[in-house]
Amino acid sequence: MSKQIDVFISHASKDKALAEKLVDLLLENGCGLTSSQILCSSLEGMGIPAGTSNFIEFLREQLQQPKLTILLLTENYFESTFCIC
């Protein structure tokens, strides 16, 4: 059973620090979100659950439900084959 994801943050793993700042901003500034409503694969507790057998399929399923997807379009993002896919 997967959790309800309201916000998906798509980013390159090299931009983990930037993604973390964005998550902090979302959580601390009255957006009404909890960490369990955010999927950010680089951050502990907000990423792909331990024991997930196929992380690509997990992400594909999760991308069907967010109310908002935020793309952190950086040079690292465009250099990542996985992000571009």
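Residues numbered from 1 in each chain as written. Predicted model: local features only at pLDDT ≥ 70, side-chain atom pairs only at ≥ 80, totals over all residues. Heavy atoms only, no water.

**Notes on the packing of aromatic side chains**
Defined as follows: For this analysis, a ring pair means two rings from Phe, Tyr or Trp (six-membered ring only for Trp) whose centres lie within 6.5 Å, classed as stacked if their planes differ by under 30 degrees, edge-to-face if by over 60, and tilted for the remaining angles. Counting from the N terminus, the helices are the DSSP runs of H or I reaching at least four residues and the strands are the DSSP runs of E reaching at least two. Here's how the labels work: a residue is buried when its accessible area is under 20% of the maximum for its type, exposed when over 50%, partly exposed in between, all with a 1.4 Å probe on protein chains only.
What the rule picks out here adds up to 2 aromatic pairs. A centroid spacing of 5.8 Å and a plane angle of 35° characterise the contact between Phe-55 and Phe-82, whose relative ring orientation is tilted. In this pair, Phe-55 is assigned in helix α2 (residues 55-62) and Phe-82 in helix α4 (residues 81-84), connecting sequence segments 27 residues apart. On the accessibility criterion, Phe-82 (47% relative accessible area) is partly exposed. Relative to Phe-78, the ring of Tyr-77 lies with its centre 5.9 Å away and its plane at 80°, an arrangement referred to as edge-to-face. Phe-78 sits in the exposed class, given a relative accessible area of 54%.

**Details of the environment of Cys-40**
The test is simple: Pairs of residues are marked as contacts when any of their non-hydrogen atoms sit within 4.5 Å.
Within the fold, Cys-40 resides in the loop between β2 (38-39) and α2. The exposure class assigned to Cys-40 is buried, which follows from its relative accessible area of 0%. Along the chain, Cys-40 and Ala-17 lie 23 residues apart, while their C-alpha atoms are 12 Å from each other. Aside from chain neighbours lying at most four places away, what touches Cys-40 is Ile-9, His-11, Ala-19, Val-23, Met-46 and Gly-47.

**Observations regarding the sheet that holds strand β1 (residues 7-10)**
Short version of the rule: Strands qualify as paired when DSSP identifies two bridges or more between them. Between the N-to-C directions of two axes lies an angle of 0 to 180 degrees, each axis being a line fitted to C-alpha atoms and, for a helix, fitted only over the stretch in contact.
Read across the open sheet, the 3 strands follow the order β2-β1-β3; overall the sheet is parallel. The two strands at the open ends of the sheet, each matched to only one other strand, are β2 and β3 (68-71). The sheet strands contacting helix α1 (residues 16-28) are β1, β2 and β3, and the helix crosses β1 at an angle near 160°.

**A word on a nonpolar patch on the surface**
Let me state the cut-off plainly: Patch membership requires more than 30% relative accessible area and the absence of a salt bridge. Residues of like charge join within 9 Å; the nonpolar side chains Val, Leu, Ile, Met, Phe, Trp and Tyr join within 5 Å. Every accessible area reported is derived by Shrake-Rupley at a probe size of 1.4 Å, with residue values counting cover from the shown protein chains alone. A pairing counts as a salt bridge when a side-chain nitrogen of Lys or Arg comes within 4 Å of a carboxyl oxygen of Asp or Glu.
A cluster of nonpolar side chains, contributed by Leu-71, Leu-73, Phe-78 and Ile-84, occupies part of the molecular surface with about 410 Å² of accessible area. The topology assignment puts Ile-84 in helix α4.

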